[in-house]
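Listed below are the residues making up each chain.
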Amino acid sequence: MSEYCKRIRHPLAVLAFAAILSAVAPSIAATDFSLPDLEGRIHRLSDYRGKWVVINFWATWCGPCLKEIPELAKFQDDHWADTVVLGINFEETPMEEVQRYVTASKINYPVLRIGSQPLVPFEPLKGLPSTFLVSPTGVYLGSHVGPITSSQLDRLLEQARIDAGISSRKD
C-alpha cells in the first residue's frame, strides 16, 4: 500500500483535512455551473441552494475513483435530506459507456458530464478523484484530492455544520 493511502486512512489526515476546510475563508463563492446529466437534463449548482453539496470529479478509467463510488453512494444514502453528491464525469468516453457503468455501479446521485469551460474554483484539478464541499449558501469550503470514504465525509460535513452553527443533521 502506498504511503499516500496509509496517510489518508490515518485519523490525523482526516483531522488535517477538516482543519483545512475550516480554515478556508468563507468568502469564495463557487461558480454557478450548468452541466448536463446523462439524460441531457441541465443541473446548476444553484439548484441545490439550501443543501450541502459534495462535488466529486471522477472517470471510468480511474481506479481510485471507482473504489470510492460505493462510499459516495453510502454517504448520499445517509445524508439525502440536506446533502447532495454530484458526480462530474471528467472524461470524453462515449455517454452510452458511462451510462452503462453508472447503471452497473448503482450510482444513486446525479452524474453530470464535464463541460468545455473550467469550473472555478474547482478546476484546474490536481488529480482524480477530486472532491469539493460547498455550503448551502453556495460557498466553496475546501477540497480533497484522492479517494475519500463515507466516514471521512461524515466527519468533514459535521465539522462544517458546527462551523456554520448547525449542530445536527436534518434527516
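Everything numeric here is computed off the predicted structure, so don't read it as measured data. Within each chain, residues carry numbers counting from 1 in the order of the written sequence. The predicted origin of the model limits local features to residues at a pLDDT of at least 70 and limits the giving and counting of side-chain atom pairs to 80 or more, whereas totals for whole chains, interfaces and linings rest on all residues. Side-chain descriptors were evaluated using all non-hydrogen atoms of the structure, hydrogens and water having been removed beforehand.

1. A closer look at the overall build of the protein chain
The number of helices and strands found in the protein chain is 5 helices and 7 strands. Only DSSP runs of H or I covering at least 4 residues are called helices, and only runs of E covering at least 2 are called strands; the numbering of each starts at the N terminus. Secondary structure elements of the protein chain, listed N to C terminal, follow the sequence α-α-β-β-β-α-β-α-β-β-β-α. Counting only residues that meet the buried cut, the protein chain has 43% of its 171 residues in that class. We call two residues contacting when some pair of their heavy atoms lies within 4.5 Å. In the protein chain, the share of contacts with a sequence separation of at least 24, taken over all contacts with a separation of at least 6, comes to 72%. Summed over its atoms, the accessible surface of the protein chain is roughly 8,700 Å², and 59% of this surface lies on carbon and sulfur atoms. Relative accessibility thresholds used throughout: buried, under 20% of the residue-type maximum; exposed, over 50%; partly exposed, between the two (1.4 Å probe, protein chains only). All accessible areas in this document rest on Shrake-Rupley with a 1.4 Å probe, and a residue is counted as covered only by the protein chains that are shown.

2. As for the sheet that holds strand β3 (residues 52-58)
Two strands are counted as paired when DSSP detects at least two bridges linking them. An order of β5-β4-β3-β6-β7 is seen for the 5 strands of this open sheet, with the pairing classed as mixed. Looking at which strands have only one partner, the edges of the open sheet turn out to be β5 (111-113) and β7 (140-145). Averaged over all adjacent pairs, the angle separating strand axes in this sheet is 20°, with direction ignored. By the bridge criterion, 5 bridges tie strand β6 (residues 130-134) to β7 in an arrangement that is antiparallel. Paired with Val 134 across the bridge in β7 is Tyr 140. Lines fitted to C-alpha atoms define the axes, with helix axes restricted to the stretch in contact, and inter-axis angles between N-to-C directions lie between 0 and 180 degrees. Those strands touched by helix α3 (residues 63-78) are β3, β4 (83-89) and β6, and its axis lies near 165° from that of β3.

3. Some thoughts on the packing of aromatic side chains
Centres within 6.5 Å are what make two rings of Phe, Tyr or Trp a pair, Trp counting through its six-membered ring; a difference in plane orientation under 30 degrees is then read as stacked, over 60 as edge-to-face, and the rest as tilted. All chains considered together, the criterion is met by 4 aromatic pairs. Measuring from centroid to centroid gives 5.7 Å for Phe 57 and Phe 132, while their planes differ by 80°, and the two rings are edge-to-face. Linking Phe 57 in strand β3 with Phe 132 in strand β6, this pair joins segments that are 75 residues apart in sequence. Comparing Phe 57 with Phe 132, the two get one shared label, buried.

4. Points about the environment of Leu 38
Tracing the chain through its elements places Leu 38 in the loop between β1 (34-36) and β2 (42-44). For Leu 38, a relative accessible area of 11% gives the class buried. For the pair Leu 38 and Gln 99, spaced 61 residues apart in sequence, the C-alpha to C-alpha distance is 6.7 Å. Ignoring anything within four residues of it in the chain, the contact list for Leu 38 reads Met 95, Val 98, Gln 99, Val 102, Val 111 and Arg 113.

5. What about the nonpolar core?
Burial of nonpolar side chains together is a common tendency in soluble globular proteins. If you look at the biggest cluster of nonpolar residues, it comprises 24 residues, and the most contacted ones within it are Trp 58, Val 102, Ile 107 and Leu 133. For this core, the secondary structure elements donating two or more residues are β3, α3, α4 (95-105) and α5 (150-163). Core analysis: the next-biggest nonpolar cluster, separate from the first, contains 15 residues, Phe 33, Leu 35, Leu 86 and Phe 132 among them. Think of a nonpolar core as a cluster: buried Ala, Val, Leu, Ile, Met, Phe, Trp, Tyr and Cys residues, connected wherever their side-chain atoms sit within 4.5 Å.

6. A short note on the pattern of salt bridges
The term salt bridge refers to a side-chain nitrogen of Lys or Arg lying within 4 Å of a carboxyl oxygen of Asp or Glu. Evaluation of the coordinates by the stated rule reveals 5 salt bridges. For Asp 37, the salt bridge identified is with Arg 41, shortest N-O distance 3.2 Å. Exposure remark for Asp 37: the relative accessible area of 5% places this residue in the buried category. The residue Arg 161 makes a salt bridge to Glu 158 at a minimum N-O spacing of 3.9 Å. Placement of the pair is Arg 161 and Glu 158 together in helix α5, with a separation of 3 residues, close to one helical turn. Residues joined by salt bridges that share partners form a network here, namely Asp 37, Glu 39 and Arg 41.

7. Re the state of the cysteines
Note on terminology: pairs of cysteine sulfur atoms within 2.5 Å are recorded as disulfides. One pass over the full model with this rule turns up 1 disulfide. The disulfide partner of Cys 62 is Cys 65, and the gap between their sulfur atoms is 2.3 Å. Disulfide Cys 62-Cys 65: torsion about the S-S bond near 75°, hence right-handed. With respect to class, Cys 62 is no different from Cys 65; both count as buried.

8. Concerning the confidence of the model for the protein chain
Close inspection of predicted coordinates is inappropriate for parts of the model with low pLDDT. pLDDT runs from 0 to 100 and stands for how confident the predictor is about each residue. Here the protein chain shows a mean pLDDT of 82. Residues at 70 or above account for 76%. Within the model, pLDDT remains below 50 along residues 1-27, and this stretch shows 33 contacts once partners closer than five positions in the same chain are excluded.

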